[in-house]
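Here are the chains, one letter per residue:
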Amino acid sequence: MNKIWCRVNKKNMNRDKRIGLFLLMTVLLSALAGAIVWLAAGRLLLSGGWGLLCFVGYPAVFIGFFGGLLFLYNTTEMSTSL
């Protein structure tokens, strides 16, 4: 997440747009990672649309969104300005 934040933080945007872009990127990347895991092993365990939804949705929400929020709160720059 630090690499994503460093890349997004270099953009010439206001703080709210950088935060939104960071959260969007962490959600999309963690959803993509969940889809790759589902393609590799998930079809054997949970086949069908519900299995894909679980493998993509849970990482996107918990790792991507909530993990991204926790990362932003723990970042020294963001904790003083939020």
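Residues numbered from 1 in each chain as written. Predicted model: local features only at pLDDT ≥ 70, side-chain atom pairs only at ≥ 80, totals over all residues. Heavy atoms only, no water.

**Student:** Sorry, what's going on with the overall build of the chain here?
**Tutor:** Tallying secondary structure elements over the chain gives four helices and zero strands in all. In the chain, the succession of α and β elements from N to C terminus is α-α-α-α. In summary, the chain has a C-alpha radius of gyration of 15 Å against a globular reference of 12 Å for 82 residues, an excess of more than 25%. Dimensions of the chain, computed from the C-alpha atoms along their principal axes, are close to 45 × 20 × 15 Å. In the chain, the share of contacts with a sequence separation of at least 24, taken over all contacts with a separation of at least 6, comes to 57%. Just so you have it, the chain exposes about 5700 Å², and 69% of that area is on carbon and sulfur atoms. (Helix = DSSP H or I, 4+ residues; strand = E, 2+ residues; numbered from the N terminus. Rg over C-alpha atoms; globule rule 2.2 N^0.38 Å. Contact = heavy atoms within 4.5 Å. Areas by Shrake-Rupley, 256 points an atom, 1.4 Å probe, with all protein chains shown as cover.)

**Student:** Mind showing me how you'd approach the pattern of salt bridges here?
**Tutor:** When the charged atoms of two side chains lie near each other, side chains of opposite charge can form a pair. Going through the model one piece at a time under the given rule, you end up with one salt bridge. Between Asp16 and Arg15 there is a salt bridge, with the nearest N and O atoms lying 3.9 Å from each other. (Salt bridge = Lys/Arg side-chain N within 4 Å of Asp/Glu carboxyl O.)

**Student:** Would you mind showing me how to read the nonpolar core here?
**Tutor:** Across soluble globular proteins, nonpolar side chains show a tendency to be buried alongside one another. Counting seven residues, the largest nonpolar core is built from Ile4, Trp5, Val8, Ile19, Phe22, Leu23 and Leu72. At the level of elements, α1 (2–9) and α2 (15–45) are the ones that each hand at least two residues to this core. (Core = buried A, V, L, I, M, F, W, Y, C linked by side-chain atoms within 4.5 Å. Buried < 20%, exposed > 50% of the residue type's maximum accessible area, 1.4 Å probe, protein only.)

**Student:** I keep staring at the packing of aromatic side chains and nothing clicks. Help me out?
**Tutor:** Note on aromatic pairs: each is described by the distance of the centres and the angle between the planes. Counting across every chain of the model gives five aromatic pairs. Ring geometry for Trp5 against Phe22: centres 5.5 Å apart, planes inclined by 85°, an arrangement best described as edge-to-face. Of the two residues, Trp5 is situated in helix α1 and Phe22 in helix α2; the sequence distance between them amounts to 17 residues. The exposure class of Trp5 is buried, given its relative accessible area of 4%. Phe22 sits in the buried class, given a relative accessible area of 0%. Taking 5.9 Å as the distance between ring centres and 40° as the angle between the ring planes, the aromatic pair formed by Phe62 and Phe66 counts as tilted. In this pair, Phe62 and Phe66 are both assigned in helix α3 (residues 49–74), four residues apart and thus about one turn of the helix distant. (Phe/Tyr/Trp six-rings, centres within 6.5 Å; stacked < 30°, edge-to-face > 60°.)

None of the figures reported here should be taken as evidence of function without further support.
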